[in-house]
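# Breakdown of the fold
These are the residues of each chain, in order.
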Amino acid sequence: MAQKKNSGPDPGLKRLKQDLAGGTVGNCYIFYGEEEYLRSYYLDTLRKKLIPAGMEDFNLHAFPGKNLELQALSDAVDAFPMMCERTLVTVTDCDLYKNESRREGLMALLSDLPEYVCLVFVYDVLDYKIGRGKFQELVKKVGSIVDFAPMQKNDLADWVRRRFRELGKTIGNFKKGLNEDDDEDDDDTRSEEHTSELQ
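The sections below set out a description of the structure shown in this document. Because the structure is predicted, anything quoted here is derived from the model rather than measured.

Applying the stated rule across the entire model yields 6 salt bridges. Between R47 and D44 there is a salt bridge, and its shortest N-O distance comes to 2.5 Å. A residue pair is termed a helical-turn pair when its members lie 3 or 4 positions apart in one helix, as R47 and D44 do in helix α2 (residues 36-50) at 3 residues. On the basis of relative accessible area, D44 is assigned to the partly exposed category, the value being 29%. Where E56 meets R47, a salt bridge forms, and the shortest distance between an N and an O atom there is 3.4 Å. A relative accessible area of 21% means that R47 is categorised as partly exposed. Salt bridges linked by common partners bring D44, R47, K48 and E56 together as one network.

Counted under the stated rule, the structure contains 1 cavity of 30 Å³ or more. Within this model, the largest cavity holds a volume of roughly 60 Å³. Around the largest cavity sit C94, D95, L96, Y97, Y123, L126, D127, Y128 and K129, which together line it. Residues of the lining of the largest cavity, tallied by class, amount to 6 nonpolar, no polar and 3 charged.

Relative to the helices and strands, H61 resides in strand β2 (residues 60-64). Apart from the residues within four sequence positions on either side, H61 is in contact with A76, L88, V89 and T90.

The subject of this paragraph is helix α4 (residues 70-78). Of the positions making up α4, those classed as buried are L73, S74, A76 and V77. Angularly, the buried residues of α4 cover 160° about the axis, an arc narrow enough to put them on a single face. On its buried side, α4 packs onto β2, β3 (87-92), α5 (100-110) and β4 (117-122).

Attention now moves to the pairing of β4. Across the 6 residues that make up β4, a large majority, 6, are buried. Here β4 shows no split at all, with V117, L119 and F121 on one side and C118, V120 and V122 on the other all buried. Pairing analysis gives 4 bridges linking strand β1 (residues 28-32) to β4, with the strands arranged parallel. If you follow Y29 over to β4, its bridge partner there is V120. One ladder, built from 6 bridges, connects β3 with β4; its direction is parallel. Within the sheet, the bridge partner assigned to T92 lies in β4 and is V122. In this region the chain leaves β3, passes through α5 and returns to the parallel neighbour β4; the handedness of that crossover is right-handed.

Reading guide: rules and limits
Residues numbered from 1 in each chain as written. Predicted model: local features only at pLDDT ≥ 70, side-chain atom pairs only at ≥ 80, totals over all residues. Heavy atoms only, no water. Salt bridge = Lys/Arg side-chain N within 4 Å of Asp/Glu carboxyl O. Helix = DSSP H or I, 4+ residues; strand = E, 2+ residues; numbered from the N terminus. Buried < 20%, exposed > 50% of the residue type's maximum accessible area, 1.4 Å probe, protein only. 1 Å grid on protein atoms, 1.4 Å probe; cavity = no way out; pocket = protein on both sides within 12 Å on 5 of 7 lines; lining within 4 Å. Points joined across faces, edges and corners; volume = space filled by probe spheres on them. Nonpolar A, V, L, I, M, F, W, Y, C, P; charged D, E, K, R; others polar. Contact = heavy atoms within 4.5 Å. Arc of directions from axis to C-beta. Pairing = 2+ DSSP bridges. Right-handed = clockwise from strand over helix to strand, strands pointing away.

That's the geometry; what it means functionally is another story.
See the structure below:
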């Protein structure tokens, strides 16, 4: 898939980074967008930031969105954290527009979130339908909506380089390879070449 051009970093992603860096993680986020790796990376970063290792069974709650039961979600949201300050609750692929009563129930839940919870709606297989409704406005009040759009090539190269530094590794200059050819048919070949170079 061709990379789409954008005018700059997503404001939701920028805020998420600030929240993580400043230790001010919000109460609710919506994660969506094509960059599956980045979605997973930041969700894992949230987990590590909020929940100490070994405490996941008590403080991490995950729900599939397809047959989401509001009462079960509400119970998880209200559950006090154990041996840490926050809890993390995730809901994956919840269609907010399919069921009016469920959407109203979720809005009521968002209106009174405990300070200790971080509720994340993750969109992986199901597309997130962007809108300006009350649900989105509620999310923005207590957190942010994060679009993990495809990175521009230079941004991608810089991000990979930072990740290697965090892991205590070094990496050669592969930015030139990213810019040599924009032909989509060569994407897999370049990816294999870069992987070989990094090993």
